[in-house]
Amino acid sequence: IIGALVASIQMIPFLELVKFTDRARCAGLYDYLTLWSFHPKDTIDFLIPFFARLDFSNTSYWKEQNWVVFVYTGAFSLLLAGAALIFRKGWRVKFLFFAGILYLFIAYGRHTPFYHAIFKFVPGFQLVRYPVRFLYVTTFAIAMLSGWGYDAFRERRARGGVLLFVLFMASLALAAVHLYGASIAMTNLGRFLGFFVSGGFILYLGLKGKLRQAFIDTAFISLVVVDIFTVIPDRSIALNTAIFHRATPNIEYLKRDGSLFRFLVSPKTKDKNVFLDEAKRYEDGIEIMKDRLIPDLPMLHGLYDAYGYDSIELARNAELMGSVFASKSAGSTTILN
């Protein structure tokens with residue numbers, strides 16, 4: 001009840017807003033609202049990074065889902081989550097397991113008839129785009145189950161013999177991959193198996209009490225951190241905030257106008273910001289997007305966008321701007337006046 005009351009300051013105005021938005025008018029467009037559903041074949045990427053999908057080019061942007069491009073949860077997540085299900089008792093473990101499975105199927109969206117039934121009969125689902133976003137519940141469940149699974153190893157509830165057999169089979173698979181694997185997918189499979197065997201061996205030493213538990217904990221957590229943060233180092237990018245506040249030529253030109261005005265970015269210019277093939281570095285991409293006045297970075301410079309961007313917008317405003325964008329040019333219509 002307290003949670004509902006605290007959330008109501010946001011939720012009640014939102015429920016009123018929904019009636020007047022473009023989402024309310026496209027509620028019957030199933031294909032539009034299920035765009036970027038999580039494909040079942042990509043489920044393996046939870047364990048093996050970039051195994052099922054390697055193409056992230058502009059040609060696949062609308063064919064594949066691109067709302068979440070990285071779902072890898074670590075080489076040990078399945079092993080630890082399985083240990084939690086076997087050795088940890090209680091309703092919380094079962095609840096999170098079934099919640100994770102349920103929301104995984106919801107994230108599949110248009111790829112399963114299950115989502116169509118929810119879309120048709122559950123209120124609110126007709127307003128949600130990108131079913132892949134529901135993966136966050138699954139990811140949370142995996143994280144919690146993995147933590148409880150590690151507790152099972154720390155408390156030595158797990159069986160060393162079973163773990164040793166699994167490690168032996170994983171080692172054979174790792175050897176086979178190194179002998180016969182040459183593709184990027186097989187390289188990622190080999191990477192996964194390497195971390196899995198290394199982490200499993202640490203867990204085995206902990207089960208046997210060969211080393212102090214503090215050393216086992218440190219070694220295993222360090223391996224998890226290395227696993228997660230080295231799989232896509234080029235996507236974990238830190239930028240100095242000064243980059244966003246530095247004016248570009250177009251921004252400087254607009255700021256020289258001292259009158260009260262708003263600018264409008266054409267759809268063609270917006271589309272160019274989806275993929276920046278001319279950018280060699282991430283910093284270059286930010287500079288290009290700023291100069292093209294991508295929403296909503298100009299706000300940092302006190303500039304007013306006539307349209308901007310939001311995930312959900314007023315339907316009448318969307319219709320008005322649609323009429324502007326349907327014209328040959330902004331100057332060929334009097335709507336902006």
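Data block above holds the structure.
What counts and how
- Residues numbered from 1 in each chain as written.
- Predicted model: local features only at pLDDT ≥ 70, side-chain atom pairs only at ≥ 80, totals over all residues.
- Heavy atoms only, no water.
- Helix = DSSP H or I, 4+ residues; strand = E, 2+ residues; numbered from the N terminus.
- Rg over C-alpha atoms; globule rule 2.2 N^0.38 Å.
- Buried < 20%, exposed > 50% of the residue type's maximum accessible area, 1.4 Å probe, protein only.
- Axes fitted to C-alpha atoms, helices over the stretch in contact; angles between N-to-C directions.
- Parallel < 35°, antiparallel > 145°, perpendicular 65-115°, else oblique.
- Left-handed = near helix turned anticlockwise from the far one by under 90°.
- Contact = heavy atoms within 4.5 Å.
- Nonpolar A, V, L, I, M, F, W, Y, C, P; charged D, E, K, R; others polar.
- Phe/Tyr/Trp six-rings, centres within 6.5 Å; stacked < 30°, edge-to-face > 60°.
- Lys NZ or Arg CZ within 6 Å of the ring centre and 35° of its normal.
- Patch = residues over 30% accessible without salt bridge, like charges linked within 9 Å, V, L, I, M, F, W, Y side chains within 5 Å.
- Areas by Shrake-Rupley, 256 points an atom, 1.4 Å probe, with all protein chains shown as cover.
- Salt bridge = Lys/Arg side-chain N within 4 Å of Asp/Glu carboxyl O.

From N to C terminus, the protein chain includes 15 helices and zero strands. At 25 Å, the protein chain has a C-alpha radius of gyration far larger than the 20 Å of a compact globule built from 337 residues. C-alpha extents for the protein chain along the principal axes are approximately 80 × 45 × 40 Å. By residue count, 37% of the 337 residues in the protein chain fall in the buried class.

The geometry of helix α8 (residues 160–180) relative to helix α9 (residues 184–208) is characterised by a closest axis approach of 9 Å and an angle of 155° between their N-to-C directions. With respect to α9, the element α8 is oriented roughly antiparallel. Between α8 and α9 lies a crossing of left-handed hand. Contact residues: G160, L163, L164, V166, L167, A170, S171, A173, L174 and V177 in α8; M186, L189, G190, L193, G194, F196, V197, G200, F201, L203, Y204 and L207 in α9. Classifying every residue of the contact of α8 with α9 gives 17 nonpolar, five polar and no charged.

In this section: the packing of aromatic side chains. One pass over the structure, following the stated rule, counts 19 aromatic pairs. Aromatic side chains W91 and F95 sit 6.3 Å apart centroid to centroid with 65° between the ring planes, which places their arrangement in the edge-to-face category. With W91 and F95 both in helix α5 (residues 91–107), this residue pair falls four residues apart, about one helical turn. Across the pair, F95 and W91 agree in class, each one exposed. On the numbers, 6.0 Å between centres and 70° between planes, the contact of Y115 with F125 is edge-to-face. Taken as a pair, Y115 in helix α6 (residues 113–121) and F125 in the loop between α6 and α7 (135–154) lie far apart in primary sequence, ten residues in all. A residue is classified by how much of its surface remains accessible, and F125, at 14% relative accessible area, is buried. Through pairs of rings, three or more aromatic residues link up here, namely F38, F46, F105, Y108 and F114. Above the ring of W67, the side-chain terminus of R133 is found at 4.7 Å from the ring centroid.

This part is about a nonpolar patch on the surface. A contiguous nonpolar surface patch, about 570 Å² in accessible area, is contributed by V162, F165, V166, F168, M169 and L172. Mapped onto the elements of the fold, F168 is located in helix α8.

As for its placement among the helices and strands, Y150 is situated in helix α7. Spatially, the C-alpha atom of Y150 lies 45 Å from that of E313, the residues being 163 residues apart in sequence. For Y150, the residues in contact, after removing those within four places along its chain, are L80, L203, Q213, I216, D217 and F220.

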